[in-house]
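# Fold and geometry: a report
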Amino acid sequence: MGEADPGFDRRRVERAVREILDAMGIEGLDETPGRVAEAYAHLFRGLREDPLRHLEVSFDEGARDLVLMRDIPFVSNCEHHLLPMIGRAGAAYLPEGKVLGFSEFVRVVEGYAARPQLQERLTAQVADALHGGMGSRGSLVVVEAEHTCMAATGAWRPGARAVTSAARGVFGEDPALRAEVTALLSTGP
Ligand SMILES: [Zn+2]
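Residues numbered from 1 in each chain as written. Predicted model: local features only at pLDDT ≥ 70, side-chain atom pairs only at ≥ 80, totals over all residues. Heavy atoms only, no water.

### Here we look at the coordination of the zinc ion
Short version of the rule: Because water is not among the atoms used, a metal site may look incomplete, as its donors are only the N, O and S atoms within 2.8 Å, or 3.2 Å for Na, K and Ca. Between buried and exposed lies partly exposed: a residue is buried under 20% and exposed over 50% of the maximum accessible area for its type, with that area taken using a 1.4 Å probe on protein chains only.
Coordination sphere of the zinc ion, protein contribution only: Cys78 (SG), His81 (ND1) and Cys149 (SG), at 2.1 to 2.3 Å. Under the relative-accessibility criterion, Cys149 is labelled buried at 11%.

What follows is the structure in structure tokens.
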């Protein structure tokens, strides 16, 4: 990332931010364009990576029983306004032998979050990665996030969260299983 990243033209982003500030009649803030470019380089780093590569760090354990991780915090940015959506993701899968390292769960979520996103797409991408991507029997993903871009329509209320869920494979076919694991994924109060 940063200066050496060929997919991210830092100087151009800085110039564009300067232009936005000028267009709003904001003078000074000389350091701000550079800082915003730095932040964008980090927030959108996922555009230059394929999160599926994290699935290569998996172990063949002959496992068949449920694997689940919840309360994975993430920061993403909505593609409509480029404003933060901040939330937590929970993800579960039923292995077909192969299991994923726990830190890879986090990296898959972060990799898809670090792009201009829609919460619905983020949820679906993580579910697809944990089912088709890694060859599991099924996956279930629940994402909760606060969307600061709702401020653009005056509708933002701190604490109001959108919840999305995606089920693949056996979780899509078995409502009782889906309900049981959704309860496990639900983040507490
Ligand atoms: Zn938005």
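### Thoughts on the UniProt feature "domain: GTP cyclohydrolase I" (unreviewed entry) in the protein
Which entries qualify depends on this criterion: UniProt positions are given in the numbering used here, feature names are shortened, and annotations may be inferred rather than shown by experiment. For the purposes of this entry, the term helix denotes a DSSP run of H or I that reaches at least four residues, the term strand denotes a run of E that reaches at least two, and both are numbered from the N terminus.
The UniProt feature table records "domain: GTP cyclohydrolase I" (unreviewed entry) at residues 14-184. What you have in residues 14-184 is 37% helix and 31% strand, and the ends, taken at the C-alpha atoms, are 44 Å apart.

### Notes on the domain arrangement of the protein
How we decide: Bear in mind that the domain bounds are from an automatic or database domain assignment.
The domains assigned to the protein are domain 1 (2-43) and domain 2 (56-185). Taking only C-alpha atoms into account, the centre of domain 1 sits 31 Å from that of domain 2.

### Regarding the environment of Gly111
Basically, it comes down to this: Contacts are assigned to residue pairs with any non-hydrogen atoms lying within 4.5 Å of each other.
For Gly111, the location among the structural elements is in helix α3 (residues 102-113). Once the C-alpha coordinates of Gly111 and Val126 are considered, the two residues, 15 residues apart in sequence, prove to be 9.5 Å apart. If we ignore the near neighbours within four places in the chain, the residues touching Gly111 are Gly46, Glu49 and Pro51.

### Side note on unusual backbone geometry
Even without being glycine, Leu29 reaches a positive phi, approximately 50°. Along the chain, Leu29 turns up in the loop between α1 (10-23) and α2 (32-43). Positioned with a positive phi, Asp71 is a non-glycine residue whose angle comes to about 60°. Note that Asp71 resides in strand β2 (residues 67-78). Take Asp71: its relative accessible area is 30%, and that puts it in the partly exposed class.

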